[in-house]
Amino acid sequence: MANDGGRKQFWKRSGSKVPGSIQHVYGAQHPPFDPLLHGTLIKPGSKPPTTSVKLKKVSTFQEFESNTSDAWDLGDDDDELLAMAAENLNTDVVMETANKVIENHSKLQEQHKLQEEQLQEDKPVPFSELPSVAYDDNRLVKSVSESHTSSSAESVSENSSMQKSQSLPHAPTDPLEGEVADHNTSATPALTEREAFRLDKFKQLLAGPNTNLDELRKLSWSGIPKQVRPITWKLLSGYLPANVDRREGTLQRKRKEYFAFIEQYYDSRNDENHQDTYRQIHIDIPRMNPEALRLQPKVTEIFERILFIWAIRHPASGYVQGINDLVTPFFVVFVCEYMAEEVENFDVSSLPEEVLQNIEADSYWCMSKLLDGIQDNYTFAQPGIQKKVKMLEELVSRIDEQVHRHLDQHEVKYLQFAFRWMNNLLMREVPLRCTIRLWDTYQSEPEGFSHFHLYVCAAFLVRWRKEILEERDFQELLIFLQNLPTIHWGNEDISVLLAEAYRLKFAFADAPNHYKK
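Residues numbered from 1 in each chain as written. Predicted model: local features only at pLDDT ≥ 70, side-chain atom pairs only at ≥ 80, totals over all residues. Heavy atoms only, no water.

1. Structural notes on the overall build of the protein
Phase 1 of the analysis: For the protein, the count of helices and strands is 23 helices and zero strands.
Phase 2 of the analysis: For the protein, with 517 residues in total, the buried portion stands at 45%.
Phase 3 of the analysis: Pairs at least 24 apart in sequence give 77% of the contacts found in the protein among residues at least 6 apart.
Phase 4 of the analysis: If you sum the accessible surface of the protein, you get close to 27300 Å²; carbon and sulfur atoms cover 51% of it. (Helix = DSSP H or I, 4+ residues; strand = E, 2+ residues; numbered from the N terminus. Buried < 20%, exposed > 50% of the residue type's maximum accessible area, 1.4 Å probe, protein only. Contact = heavy atoms within 4.5 Å. Areas by Shrake-Rupley, 256 points an atom, 1.4 Å probe, with all protein chains shown as cover.)

Spelled out as structure tokens, the structure:
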């Protein structure tokens, strides 16, 4: 083990110019920089940086940064890399390790070749003939870590499996009916090594007698596997206790309490005092996403009960348009626990009545927990939304003055497009699959649905700066901002958006004087 002096000098020349210290990377506090999702940051013509075979002391912070550019990866190899960098290894140790890595890598390559040959024999179309994922700008999504040479056999095998998962073609789908076959709303697909590893970490964390909610939030920041999303959402929302022994009793008590509310209040929906509320709910439910669900009478019946009971139990706000959208993600996630096909093709009424009652009660309580944190969005005059839209305007004027000035010159007011962003939490702007992924992070962030959502909206607006600046007319600008082209968005796009939102939060949240002009 190197001495303290050696550890301080391993990445710089002068001890008087230390810019900072190495900190562990955690999800909720430091959003993981997923190499699968940020490969687009690599310019098409650029060459991937390579690591020299001969080890030397890194002399500048830039070299240190380039050698640890995968520090955002959510793997367990981060600490290994930092530890190796901190040690002064002699040549014999280095050569011995390198030979072992090369030998292991050769064996893994032979195993992969055998597996590919078996796959080619089993499938009529060879894997190599499948097209890569192409986007509008003809780029291919690749991992950042693929552009660096790796000395770890685990990294090589992991990158290989991730690259395969990214090369599968995406068929264009309708945003309401298709919702694409992904990990959020569809049946469970074959898992890559990375996905299987993350799923295993979730299961280990959830298996303990007392779930560590802080660790669960850190792990959930970069997305929750579909298999454990229902239980994870219930824990992160505060609906279920961390203690495993108390969960079953809590579920039974809360479900019984919800249906007691129905017996007490639901028959009053046609009373003179409540019929306006019930009529508005009945009008709004057919507008929800996805279309396949809203056309099912059983789903309509469940949503009417959930929304009416919530409105009666919360007279300060009552029912407000937009709240109906907030039930959908919870309902879809909890239904997915009981089905083996895509949610758009699933007949909810085929589930046992007891299961449907459990899903209904769980959706009600989780939605209630969410609304408890943003209820000022739905009280009289909706002051919470008014305040957040104003904050969004101030924030955008600081981070992209050109976009802000362009909107101002064409007399486009932020309330005209951003009110819906706050009222519906971007559910009308992105497909349902993206909303579910977005809510994984919102539930992992402190005040995710209120405070962090502001920075997501700012990043979302600036994401379209090129298209916004090209529009030269008030009407065209407003039409564009109210119909943003996110039909083909997936988890990758949402993760990039969340990373940018976190950067903005890190820069502005604790600096109110810098935040305002």
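Next comes the rest of the write-up.
2. A few points about the pattern of salt bridges
Opposite charge on two side chains lets them pair, provided their charged atoms get close.
Phase 1 of the analysis: For the structure shown, the criterion picks out 18 salt bridges.
Phase 2 of the analysis: Measuring nitrogen to oxygen at the nearest pair gives 2.7 Å for the salt bridge that ties Lys 505 to Glu 445. Separated by 60 residues along the polypeptide, Lys 505 in helix α22 (residues 491–508) and Glu 445 in the loop between α18 (432–442) and α19 (448–462) bring together distant segments of the chain. Considered together, Lys 505 and Glu 445 belong to a single accessibility category, that of buried residues. (Salt bridge = Lys/Arg side-chain N within 4 Å of Asp/Glu carboxyl O.)

3. Some details on the packing of helix α15 (residues 383–399) against α19
Phase 1 of the analysis: The N-to-C vectors of α15 and α19 enclose an angle of 50°; their axes lie 10 Å apart at closest approach. Between α15 and α19, the crossing angle belongs to the class labelled oblique. The hand of the α15/α19 crossing is right-handed. Counting all contacts with α15, which are made through Lys 388, Met 391, Leu 392, Leu 395, Val 396 and Ile 399, the residues of α19 involved are Ser 450, Leu 454, Tyr 455, Cys 457, Ala 458, Leu 461 and Val 462.
Phase 2 of the analysis: Considered class by class, the residues forming the contact of α15 with α19 number eleven nonpolar, one polar and one charged. (Axes fitted to C-alpha atoms, helices over the stretch in contact; angles between N-to-C directions. Parallel < 35°, antiparallel > 145°, perpendicular 65-115°, else oblique. Left-handed = near helix turned anticlockwise from the far one by under 90°. Nonpolar A, V, L, I, M, F, W, Y, C, P; charged D, E, K, R; others polar.)

4. Re the side chain of Asn 423
Phase 1 of the analysis: Assignment of secondary structure puts Asn 423 in helix α17 (residues 415–423).
Phase 2 of the analysis: The residues touching Asn 423, leaving out its near neighbours within four places in the chain, are Gln 321, Gly 322, Tyr 378, Gln 382 and Ile 385.

5. Describing the confidence of the model for the protein
Phase 1 of the analysis: Across the protein, the average pLDDT comes to 76, with 63% of residues at 70 or higher.
Phase 2 of the analysis: Here helix α5 (residues 153–166) stands out as the element of the protein with the lowest mean pLDDT, 42, in contrast to helix α8 (residues 229–236), whose mean of 97 is the highest.
Phase 3 of the analysis: Segment residues 68–89 is flagged for pLDDT under 50; beyond a separation of four residues in sequence, or across chains, it makes 35 contacts in the model.
Phase 4 of the analysis: Here residues 123–181 is modelled with pLDDT under 50, and outside its nearest four sequence neighbours on either side it reaches 98 contacts, counting other chains as well. (pLDDT = per-residue confidence, 0-100.)

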